[in-house]
Amino acid sequence: HAAYSGNSEQALSILESRYKRNSDDPFAAVEYARVLRENEYLNRASIVLGPFARQEDAPLEAKNEFAAIQLALGNFTVAEDLSQQVIKQDDKNYRAFQNLGVALDSQGMNEEAERAYRKGLEHWQGDPTPIMNNLALNLATQGYVDEAVEILQKAKSIAPDRMEVERNLRIVSALQETAHWSQKKD
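Definitions and cut-offs
- Residues numbered from 1 in each chain as written.
- Predicted model: local features only at pLDDT ≥ 70, side-chain atom pairs only at ≥ 80, totals over all residues.
- Heavy atoms only, no water.
- Helix = DSSP H or I, 4+ residues; strand = E, 2+ residues; numbered from the N terminus.
- Buried < 20%, exposed > 50% of the residue type's maximum accessible area, 1.4 Å probe, protein only.
- Contact = heavy atoms within 4.5 Å.
- Areas by Shrake-Rupley, 256 points an atom, 1.4 Å probe, with all protein chains shown as cover.
- Lys, Arg positive; Asp, Glu negative; His and termini not counted.
- Charge placed at Lys NZ, Arg CZ, Asp CG, Glu CD.
- Salt bridge = Lys/Arg side-chain N within 4 Å of Asp/Glu carboxyl O.
- Polar contact = N/O pair within 3.5 Å; in protein donor to acceptor, adjacent residues only side chain to side chain.
- Axes fitted to C-alpha atoms, helices over the stretch in contact; angles between N-to-C directions.
- Parallel < 35°, antiparallel > 145°, perpendicular 65-115°, else oblique.
- Left-handed = near helix turned anticlockwise from the far one by under 90°.
- Nonpolar A, V, L, I, M, F, W, Y, C, P; charged D, E, K, R; others polar.
- Core = buried A, V, L, I, M, F, W, Y, C linked by side-chain atoms within 4.5 Å.

**Description of the overall build of the chain**
Then step 1. Looking only at helices and strands, one finds 10 helices and 0 strands in the chain.
Then step 2. The N-to-C order of helical and strand elements in the chain reads α-α-α-α-α-α-α-α-α-α.
Then step 3. If you line up the chain on its principal axes, its C-alpha atoms span 65 × 35 × 25 Å.
Then step 4. Of all 186 residues assigned to the chain, the portion counted as buried reaches 46%.
Then step 5. Of the contacts formed within the chain by residues at least 6 apart in sequence, a portion of 47% connects residues at least 24 apart.
Then step 6. Only carbon and sulfur atoms are counted for the fraction: they give 48% of the accessible area of the chain, which is about 10400 Å².
Then step 7. If the 21 positive side-chain charges of the chain are averaged to one point and the 29 negative ones to another, these points end up 2 Å apart.

**With respect to the pattern of salt bridges**
Then step 1. As enumerated under the stated definition, the model contains 12 salt bridges in all.
Then step 2. One salt bridge connects Arg37 with Glu65, and the closest N-O pair in it is separated by 2.5 Å. Placement of the pair is Arg37 in helix H2 (residues 26-38) and Glu65 in helix H4 (residues 60-73), with a sequence separation of 28 residues.
Then step 3. Here Lys92 makes a salt bridge to Asp91, at a shortest N to O gap of 3.9 Å.
Then step 4. The class for Asp91 is partly exposed, based on a relative accessible area of 46%.
Then step 5. Three or more residues joined by partner-sharing salt bridges are found here, namely Arg34, Arg37 and Glu65.

**A few points about the side chain of Asn64**
Then step 1. Inspection of the secondary structure puts Asn64 in helix H4.
Then step 2. Assessed through its relative accessible area of 9%, Asn64 is described here as buried.
Then step 3. Only 3.5 Å separates the side chain of Asn64 from the backbone nitrogen of Ala96, close enough to count as a polar contact.
Then step 4. Setting aside its immediate chain neighbours within four residues, Asn64 contacts Val86, Asn93, Arg95, Ala96 and Asn99.

**Observations concerning the environment of Ser83**
Then step 1. By secondary structure assignment, the location of Ser83 is in helix H5 (residues 76-89).
Then step 2. Along the chain, Ser83 and Phe97 lie 14 residues apart, while their C-alpha atoms are 7.0 Å from each other.
Then step 3. Setting aside residues up to four positions removed in sequence, Ser83 forms contacts with Ala67, Ala96, Asn99 and Leu100.

**Let's talk about the packing of helix H7 (residues 110-122) against helix H8 (residues 129-141)**
Then step 1. Put simply, H7 and H8 touch, their axes get as near as 9 Å, and they point 155 degrees apart. On the basis of their axis angle, the class for H7 and H8 is roughly antiparallel. The element H7 and its partner H8 pack so that their crossing is left-handed. Packed against H7, whose contacting residues are Asn110, Ala113, Glu114, Tyr117, Arg118, Gly120 and Leu121, the element H8 presents Ile131, Met132, Asn134, Leu135, Asn138, Leu139 and Thr141 at the interface.
Then step 2. A breakdown of the residues in the contact of H7 with H8 according to their chemical character gives 7 nonpolar, 5 polar and 2 charged.

**Some points on the nonpolar core**
Then step 1. Within the largest apolar cluster, 27 residues are counted, with the highest numbers of intra-cluster contacts made by Ala148, Ile151, Leu152 and Val172.
Then step 2. Of all elements in the fold, only H5, helix H6 (94-106), H7, H8, helix H9 (145-158) and helix H10 (163-185) reach the threshold of two or more residues within this core.
Then step 3. Residues in contact with Ile151, not counting those within four places in the same chain, are Met132, Leu135, Ala136 and Leu139.
Then step 4. In this structure, Tyr19, Val35, Val48 and Ile69 belong to the second largest nonpolar core, which totals 23 residues.

**Some words on the side chain of Asn134**
Then step 1. When you line up the elements, Asn134 lands in helix H8.
Then step 2. We classify Asn134 as buried; its relative accessible area is 18%.
Then step 3. Ignoring any residue separated from it by four or fewer positions in sequence, one finds Asn134 in contact with Gln98, Val102, Asp105 and Tyr117.

Structure (structure tokens):
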């Protein structure tokens with residue numbers, strides 16, 4: 001899918017025709033649905049992938065991508081359930097832990113989300129800044145601002161060009177300064 005990141009309309013067109021030629025191939029559906037989701041065609045992505053992801057023996061990639069689509073649609077309990085299904089089959093599936101963390105966070109279950117993020121980070125492959133960013137925001141929400149700043153600083157050193165990490169580091173650092181200032185006043 002990295003090869004398709006340049007021209008998203010062209011990528012959509014290519015993947016749509018591949019999917020239509022192989023409409024019973026769950027991996028063609030996953031690839032097409034992922035690009036649909038990345039381009040915010042969420043309902044279409046859900047329609048394309050739903051029949052595959054809902055099957056008991058669906059590939060884990062199909063369930064993971066469908067969970068990501070459900071998160072984007074705001075269907076947090078569906079995403080949580082799908083992520084749990086993936087984790088039951090593969091307890092090192094870092095994407096499922098990331099999706100589960102977001103689903104739990106979105107339902108206000110911060111401690112459970114923190115555990116999911118930490119487990120996902122333990123098994124992460126590739127650039128860990130997305131899950132580090134989510135873990136840091138989760139910790140800040142719980143009041144663990146110092147640890148949140150530490151994680152965001154580490155994420156920034158890994159991926160200095162990620163704007164969301166830079167922005168969140170500024171926000172959480174401001175919270176940290178406010179907390180330290182108010183402690184000195186007391």
